[in-house]
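Descriptive structure summary
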Amino acid sequence: MTSQQTVASDPHRPLRLWPGVVAAVLLCLIRFVSPLIFPEVGAIAIIGGVLGALAIVGWWLFFSRAVWQERLGALAVIIVAPILVSRVAHESIATGMMGAMLPLYSIPVMSVALVAWAVTTRTLSNGIRRSSLVASILLACGFFALLRTGGVLGAGSEIQWRWTPTPEERLLSQANDEPAPLPPPATTEAPPVAPPAVTGVRQPAPTHDPDKPAESSPTPAPTAAVAANDTEWPGFRGPDRDSSVHGVRIDTDWSRTPPVQLWRRPIGPGWSSFAVSGDLIYTQEQRGDDEIVSAYKMSTGEPVWRHRDPVRFWESNGGAGPRATPTLNNGRVYSFGATGLLNALDASSGKLLWSRNVAAETKTEVPGWGFASSPLVMDDVVIVAADATLVGYDAATGRPRWVGPVHHGSYSSPHRTTIDGIPQVMLLGGSGVTSLAPANGTVLWEHAWQGVAIVQPALTSDGLVINTIGGTGGNGTRRLTVAHRAGGWNVEERWTSNGLKPYYNDFVVHNGYAFGFDGSILACIDMETGKRVWKGGRYGNGQLLLLPDQDLLLVLSEDGNLALVSATPGEFKEIARVPAIEGKTWNHPVLVGNVLLVRNGEEMAAFRLSLAGD
């Protein structure tokens, strides 16, 4: 036996511990302590934890003086342990971060456990040391079998004990949560005409049950006067899908006149926003094995009706539930579920008028994060995106009208525009942007830009601004000029900028500037050049509304806070901030008149905002 192979407990060749201890301390500071002090460094902390683990492994293999049997044995256990634990870990841990979560989270912990073992067992016998080495690493990794995750939060993940009830489980345990039966209609309607059958596709049967037991109405919070306003909110991001609220001016002195809560109630998981008509608000949610389109009273939050489809979508990053927002048109609610069910419902009763399985009919696999397209109605056609393929159905009957070119890599929604007098529907996808004629799906023009599309385009007087992402940082934004000429369509790139890199946070354009999220921080870029003007304000993966009459942004942060930010190019300026709802919040807020509606995957609430001059 050579001197290099002397057992670690030999007093003449003790373990060299200090490099491992230093690496372990630095790893703990970077991976576990820094996110508590600076929440925005989540991604850096994860990367730092991995690098720290590599440093510890390097120390152990080449500088620890341990016998090679122990060095290689410890490395083998570190490699095998996540594979074994993944078989008993909660599904959200085993599949989190596209399957990388358990290794990324457990390897730093196992590396620290290795250092702790080396320090505490250096004077023990070889048999005890080696058996405890295996036990220490397996226990460190096995700890993650006790956890689950509620999905991505910022650059990290929401971590809870495995046995802790989820918000959805707490909601389902509540009694008397069903809407009261609706009164019978004043007149008898003719039964709806079933859409033509599609070979090989089973159409879902109506699932709304009008005989559900009545619930005791919740006691609403004291109501305040709601200002009348003709503004309609027909669906995702408002009438023009641009998150702009015209004709409303609010009091920005929230220290004197803060938002007044009208009501608050729990809701099933999902990342839908609201559509609003009169005193009814519409959204989508998941409750157990049922995907639900629901209507509530805007004045009190009381449920009015629920339509159920017996499907459930779940993935570890975003959790359970639908991703799209319902659309109101001509007395109907059009909804698109995360598994690909497109429904047309009566807006007053929730009665199913027709339903199509878009995923099956287009032979499109459910994307990794679910179908997220909010339906768009143009004339007599309702349009959805099956991944990045636009599909048109007859709005009245559900009859298939057309299918656009097949693309992939999109969680964006169809977008209406008119360029040079020609109406068109656009969609951002993984290969760029595609524009079609809404009547028949004919391709008008396309522009290539590889990536993954999630957010909506922003329209300009001569074209549009688009976004694509690569990884989690974003590729950036690009301004296009689009014109129809004698020879066809001409699409030119004006600039591409990395000064504004939305991920799944939509941006707005106002007075020659674009405002949105660059990662988790608000930013402003010049629309002429694409250059960043300012960056500031940490709101996580939040969403925002533009109040153009006041040069004002209303920001709903990822942690459920409301903030007012100046929509001007001079500098970042936060005017006010108040808490609104609890839990991770990715859903778009809605402002109708002076009533603000917010929700996430746990609860929803309505607030009255004081109007300027009140």
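Coordinates for the structure precede this section.
Now for a look at the structure at hand.

Reading the values: rules and limits
Going along each chain's sequence as written, the residues are numbered from 1 onward. Where totals are concerned, whole chains, interfaces and linings use all residues; where local detail is concerned, this predicted model gives features only for residues with pLDDT of at least 70, and gives and counts side-chain atom pairs only at 80 or more. Side-chain descriptors were evaluated using all non-hydrogen atoms of the structure, hydrogens and water having been removed beforehand. Only runs of H or I of at least four residues qualify as helices and only runs of E of at least two qualify as strands under DSSP, and these elements are numbered from the N terminus. When a residue's accessible area, from a 1.4 Å probe over protein chains only, is under 20% of the maximum for its type it is buried; when over 50% it is exposed; and in between it is partly exposed. Contacts are assigned to residue pairs that have any heavy atoms within 4.5 Å of one another. What sets the accessible areas is the Shrake-Rupley method with a 1.4 Å probe; for residues, cover comes only from the shown protein chains. For every element, the axis is a line fit to its C-alpha atoms; helices are fit only across the contacting stretch, and the angle between N-to-C directions ranges from 0 to 180 degrees. In these notes the angle categories are as follows: under 35 degrees is roughly parallel, over 145 is roughly antiparallel, 65 to 115 is roughly perpendicular, and the rest is oblique. For any helix crossing, the convention is left-handed if the near helix is rotated counterclockwise from the far helix by under a right angle, and right-handed if that rotation is clockwise. In this count, Pro and Cys sit with the nonpolar residues alongside Ala, Val, Leu, Ile, Met, Phe, Trp and Tyr, while Asp, Glu, Lys and Arg are called charged and the others, Gly among them, polar. Two strands qualify as a pair provided that DSSP identifies no fewer than 2 bridges between them. Each helix should span, by expectation, one fewer than its residue count multiplied by 1.5 Å. To get the bend at any residue, fit one axis to the seven residues that end at it and another to the seven that begin at it, then take the angle between the two axes. Lining residues are those with an atom within 4 Å of a point, where the points come from a 1 Å grid over the protein atoms alone and group into cavities, where a 1.4 Å probe fits but cannot get out, or pockets, open sets with protein on both sides within 12 Å along at least five of seven lines. Grid points are joined across faces, edges and corners, and a volume is the space filled by probe spheres set on the points. Whenever a carboxyl oxygen of Asp or Glu lies within 4 Å of a side-chain nitrogen of Lys or Arg, that contact is scored as a salt bridge. Working definition: a ring pair exists when centres of Phe, Tyr or Trp rings (six-membered ring for Trp) sit within 6.5 Å. Plane angles under 30 degrees give stacked, over 60 give edge-to-face, the rest tilted. Buried Ala, Val, Leu, Ile, Met, Phe, Trp, Tyr and Cys residues that are joined via side-chain atoms within 4.5 Å together make up what is termed a nonpolar core.

On to the overall build of the protein. On a plain count of helices and strands, the protein comes out with 8 helices and 36 strands. The 614 residues of the protein split such that 55% are buried. For the protein, the proportion of contacts with a sequence separation of at least 24, taken over those separated by at least 6, is 58%. Of the roughly 25,500 Å² of accessible surface on the protein, a fraction of 58% belongs to carbon and sulfur atoms.

We now examine the packing of helix α5 (residues 101-120) against helix α6 (residues 126-142). At a minimum axis distance of 8 Å, the contact between α5 and α6 shows a crossing angle of 150°. Taken as axis vectors, α5 and α6 run roughly antiparallel relative to one another. The handedness of the crossing between α5 and α6 is right-handed. Contact residues: α5 offers Ser106, Val109, Met110, Ala113, Leu114 and Trp117, while α6 offers Arg129, Ser132, Leu133, Ser136, Ile137, Ala140 and Cys141. Taken together, the residues of the contact of α5 with α6 sort by class into 9 nonpolar, 3 polar and 1 charged.

Here the focus is the sheet that holds strand β16 (residues 389-394). Within the open sheet, the 4 strands sit side by side as β14-β15-β16-β17. Their pairing is antiparallel. At either margin of the open sheet sits one strand with a lone partner, and together these are β14 (376-378) and β17 (400-403). Direction aside, the axes of adjacent strands within the sheet are offset by 25° on average. Relative to β16, strand β15 (residues 381-386) runs antiparallel, the two sharing 6 bridges.

Attention now goes to the side chain of His415. Structurally, His415 is set in strand β18 (residues 415-419). In this structure His415 comes out as buried when scored by relative accessible area, which is 2%. Every residue in contact with His415, bar those within four places of it in the chain, is listed here: Asp240, Arg241, Leu376, Gln424, Val425, Met426, Gln456, Pro457 and Leu459.

Here the focus is α5. Helix length check: α5 (20 residues) gives 29 Å between terminal C-alpha atoms against 28 Å at 1.5 Å per residue, within 8%. Of all the bends in α5, the greatest, near 25°, is centred on Ile107, and the proline Pro108 appears no more than four residues after it.

By volume, the second largest pocket amounts to about 670 Å³. Together, 34 residues line the second largest pocket, and Arg148, Gly150, Thr166, Pro167 and Glu168 are the ones closest to its centre. Mapped by element, the contributors of at least two residues to the lining of the second largest pocket are α4 (91-95), β1 (147-153), β2 (156-161), α7 (167-172) and β9 (319-320). Residue contributions to the lining of the second largest pocket peak at 5 residues, all from α7.

What follows concerns the pattern of salt bridges. By the definition in use, this model includes 24 salt bridges. The residue Glu178 makes a salt bridge to Arg308 at a minimum N-O spacing of 2.6 Å. Of this pair, Glu178 sits in the loop between α7 and β3 (260-266) while Arg308 is found in strand β7 (residues 303-309), placing the two residues 130 residues apart along the sequence. Neither residue differs from the other here; Glu178 and Arg308 are each classed as buried. For Asp380, the salt bridge is made with Arg401, and the minimal N-O distance between the two is 3.4 Å. With Asp380 in the loop between β14 and β15 and Arg401 in strand β17, the pair connects residues that are 21 residues apart, well separated along the chain. Taking the relative accessible area as the measure of exposure, Asp380 reaches 41% and is therefore partly exposed. The class of Arg401 is partly exposed, set by a relative accessible area of 26%. The network of salt bridges with common partners includes Glu178, Asp290, Arg306 and Arg308.

Next up on the list: the packing of aromatic side chains. Geometry of an aromatic ring pair is reported as the spacing of the ring centres plus the angle between the planes. One pass over the full model with this rule turns up 14 aromatic pairs. Taking the centre distance of 5.7 Å and the plane angle of 80° together, the rings of Phe143 and Phe144 count as edge-to-face. Look at Phe144 and you get buried, because its relative accessible area is 7%. Where Tyr282 meets Trp305, the ring centres are 6.0 Å apart and the plane angle is 50°; that geometry is what we call tilted. A residue pair is termed long-range when its members are at least 10 positions apart, and Tyr282 in strand β5 (residues 280-287) and Trp305 in strand β7 qualify at 23 residues.

A few words now on the pairing of strand β27 (residues 513-518). The side chains of a regular strand alternate between the sheet's two faces. The buried count for β27 comes to 5 of 6 residues, which makes it a mostly enclosed element. Strand direction decides the pairing type here: strand β26 (residues 508-510) and β27, joined by 3 bridges, are antiparallel. Residue Val509 lies in a different strand from β27, and its bridge partner there is Ala514. Between the end of β26 and the start of β27, which pair antiparallel, lie 2 residues, with Asn511 showing a positive phi angle near 50°. Two elements, β27 and strand β28 (residues 521-526), share 6 bridges in a ladder whose sense is antiparallel.

What follows covers empty space enclosed by the protein. Counted according to the given criterion, the structure contains 4 cavities of 30 Å³ or more. There is about 60 Å³ of room inside the largest cavity. If you trace the largest cavity, you find it lined by Ala388, Leu390, Pro405, His407, Leu427, Leu428, Gly429, Ser431, Gly432, Thr434 and Leu436.

A separate point is the sheet that holds strand β31 (residues 552-556). Spatial ordering of the open sheet is given by β30-β31-β32-β33, a layout of 4 strands whose pairing is antiparallel. What marks the edges here is a single partner per strand, and that holds for β30 (543-547) and β33 (574-579). Taken pair by pair, the neighbouring strands of this sheet meet at an average axis angle of 15°, ignoring direction. Relative to strand β32 (residues 561-566), β31 runs antiparallel, the two being bridged by 5 bridges.

On to the packing of helix α3 (residues 68-85) against α5, then. For any two helices packed against each other, the geometry is given by the interaxial angle and the distance between the axes. As a packed pair, α3 and α5 sit with axes 10 Å apart at the nearest point and diverge in direction by 145°. Considering how the two elements wind past one another, α3 and α5 form a crossing that is right-handed. Across from Glu70, Ala74, Ile78, Ala81, Pro82 and Val85 in α3, the residues of α5 making contact are Leu102, Ser106, Met110, Leu114 and Trp117. Residues that form the contact of α3 with α5 fall into these classes: 9 nonpolar, 1 polar and 1 charged.

So, on to the pairing of strand β13 (residues 352-357). Most of β13 sits out of view: 6 of its 6 residues are buried. Looking at chain direction, strand β12 (residues 341-346) and β13 are connected through 5 bridges and run antiparallel. Bridged to Leu341 within β13 is Asn357. Between β12 and β13, which follow one another and run antiparallel, lie 5 residues, and Gly350 among them has a positive phi close to 80°.

The subject of this paragraph is the nonpolar core. Ranked by size, the top nonpolar core spans 36 residues in total, and within it Val276, Leu562, Leu596 and Leu597 carry the most contacts. Listing elements by their share of this core, those giving two or more residues are β3, β30, β31, β32, β33, β34 (590-592), β35 (595-599) and β36 (603-608).

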